[in-house]
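One-letter residues, chain by chain:
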Amino acid sequence: MADASLPPSQTIAAVLTDVDGTLVTKAKALTPRAIEAIEQLHEHGVLFAITSGRPPRGMKMLVHPLEMQGPMAAFNGGIIVQPDMSIVDERAIPADVAPAVIDAISAHGLYPWIYSGTEWYVTDPGAPHAARESSTVQFQPTVVPSYDGLLDRTVKIVGVSDNHDLVAQCEAAVQQEFGLYTSAARSQPYYLDVTHPTANKGVVIERMSDYYGIPLEQIAVVGDQANDVLMFQRSGLSIAMGNASDEVQRQASYVTASNEDEGFAKAIEQFILPRAVPAPAPPAG
């Protein structure tokens, strides 16, 4: 945990949270206490937003129980959607870079799959973690013989392996080789997410601040993985989950309990609600 004491006078007008490993349990469920904590944020006028490596369709099941009112950042910001799933903004990986990224992922021993705005493609129906991902996002991938002809509007490339060291090594290699053209970070120990260079959670919080006119120091963030650290670094208050790695926890203002022990709800109750102030009215239109 970062050695930083936050002033008692600090106020929070917005909360931006990760989903998997943070907002939901291992079973991908929202707990009643988490839902109640978000209702409390709404009642205090605090803007609540979510950002995730999930595709837009994989966030749809959260809209109703959380009474989502504003845009949601899918693919770590690669696509911004409204609660009705209409696309506000889409940022694809450069088409001339995508094939080389896939080659690099494969060369490191990871299995690559790709996402467009609405579709998920794999070349092997038995791909590692594909069944788990299907359960999480609640739709099946499209199986294709190759990714040829599909890379002109690819919003996210994922490298998958249960060898977590390989995933970390691949992350560093992709960052070094393609850092000018992509953003690469682990969303899980077994997933490397590669997106447009301005599609990462650090940019998401900056865009949220600009759009809603909320200073970064009045935005709190909650997360558990390496790809959440970019938003930790830009926020006024950052909270790492108890299930996060030591490396991630060290870069947060506070650490809460795990996602299996109501960590998200406890974070809101303990660190956010005592500092809550209403957010400005959203822009018209």
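Just so you know, the residues in each chain are numbered from 1, in the order the chain's sequence is written. At least 70 in pLDDT is required for a residue's local features to be given in this predicted model, at least 80 for side-chain atom pairs to be given and counted, and no such filter applies to totals for whole chains, interfaces and linings, which use all residues. Remark: hydrogens and water are excluded; side-chain values derive from all non-hydrogen atoms of the structure.

What follows covers the packing of helix H1 (residues 32-43) against helix H9 (residues 263-272). To obtain an axis, a line is fitted to C-alpha atoms, over the contacting stretch when the element is a helix, and the angle between two such axes runs from 0 to 180 degrees between their N-to-C directions. By the criteria applied, helices consist of DSSP H or I runs no shorter than four residues and strands consist of E runs no shorter than two, each listed in order from the N terminus. Orientation of H1 relative to H9, taken along the N-to-C sense of each, is 35°, at an axis distance of 8 Å. For the pair H1 and H9, the crossing hand works out as left-handed. Residue-level contacts link Arg33, Ala34, Ala37, Ile38 and Leu41 of H1 to Phe264, Ala265, Lys266, Ile268, Glu269 and Ile272 of H9. As a working rule, the residues Ala, Val, Leu, Ile, Met, Phe, Trp, Tyr, Cys and Pro are called nonpolar, Asp, Glu, Lys and Arg charged, and the rest polar, with Gly in that last group. Tallied by class, the residues present in the contact of H1 with H9 amount to 8 nonpolar, no polar and 3 charged. Each crossing gets its hand from how the near helix is turned against the far one by less than a right angle, where anticlockwise is left-handed and clockwise is right-handed. Any two residues whose heavy atoms approach within 4.5 Å at even a single point are treated as in contact.

So, on to the side chain of Asn259. Positionally, Asn259 belongs in the loop between strand S14 (254-255) and H9. Of the polar contacts made by the side chain of Asn259, one reaches the backbone oxygen of Val24; its length is 3.1 Å. Filtering out sequence-adjacent residues up to four positions away, Asn259 remains in contact with Gly21, Thr22, Val24, Thr25, Lys26, Met241 and Asn243. Whenever a nitrogen or oxygen atom comes within 3.5 Å of another N or O atom, the pair is scored as a polar contact, on the condition that within protein one atom can donate a hydrogen and the other can accept it, and that pairs from neighbouring residues in sequence are kept only if both atoms are in side chains.

Two kinds of site are reported from a 1 Å grid over the protein atoms alone, namely cavities, where a 1.4 Å probe fits but cannot get out, and pockets, open sets with protein on both sides within 12 Å along at least five of seven lines, and residues are called lining when an atom falls within 4 Å of a point. Grid points are joined across faces, edges and corners, and a volume is the space filled by probe spheres set on the points. Under the counting rule described, the total for this entry stands at 3 cavities of 30 Å³ or more. What the largest cavity holds in volume is close to 230 Å³. Lining of the largest cavity is provided by 22 residues; of these, Asp20, Glu133, Ser187, Gln188 and Tyr191 occupy positions nearest its centre. Elements that contribute at least two residues to the lining of the largest cavity include exactly strand S6 (111-115), helix H4 (130-137), strand S9 (156-160), strand S10 (183-188) and strand S11 (191-195). When residues of the lining of the largest cavity are assigned to their parent elements, the largest contribution, 3 residues, is made by H4. Looking at the lining of the largest cavity, its residues break down into 5 nonpolar, 7 polar and 10 charged.

Bringing the pairing of strand S1 (residues 14-17) into the picture now. Throughout, exposure labels follow a simple rule: accessible area from a 1.4 Å probe, protein chains only, divided by the maximum for the residue type, with under 20% read as buried, over 50% as exposed, and the rest as partly exposed. Side chains of S1 alternate between two faces, with Ala14 and Leu16 and Val15 and Thr17 buried alike. If the strands point away from the viewer and the path from the first strand over the helix to the second runs clockwise, then the crossover is right-handed. Once the chain exits S1 it traverses H1 before rejoining the sheet at strand S2 (residues 47-50), and the crossover so formed is right-handed. Strands pair, by our definition, only if DSSP identifies at least two bridges between them. The sheet contact formed by S1 and strand S12 (residues 219-223) spans 4 bridges and is parallel. Bridge pairing links Val15 to Ala220 in S12.

What follows deals with the environment of Val143. Inspection of the secondary structure puts Val143 in strand S8 (residues 142-143). Sequence separation between Val143 and Pro125 is 18 residues; the distance between their C-alpha atoms is 6.3 Å. Contacts of Val143, omitting those with residues within four sequence positions, involve Val122, Thr123 and Pro125.

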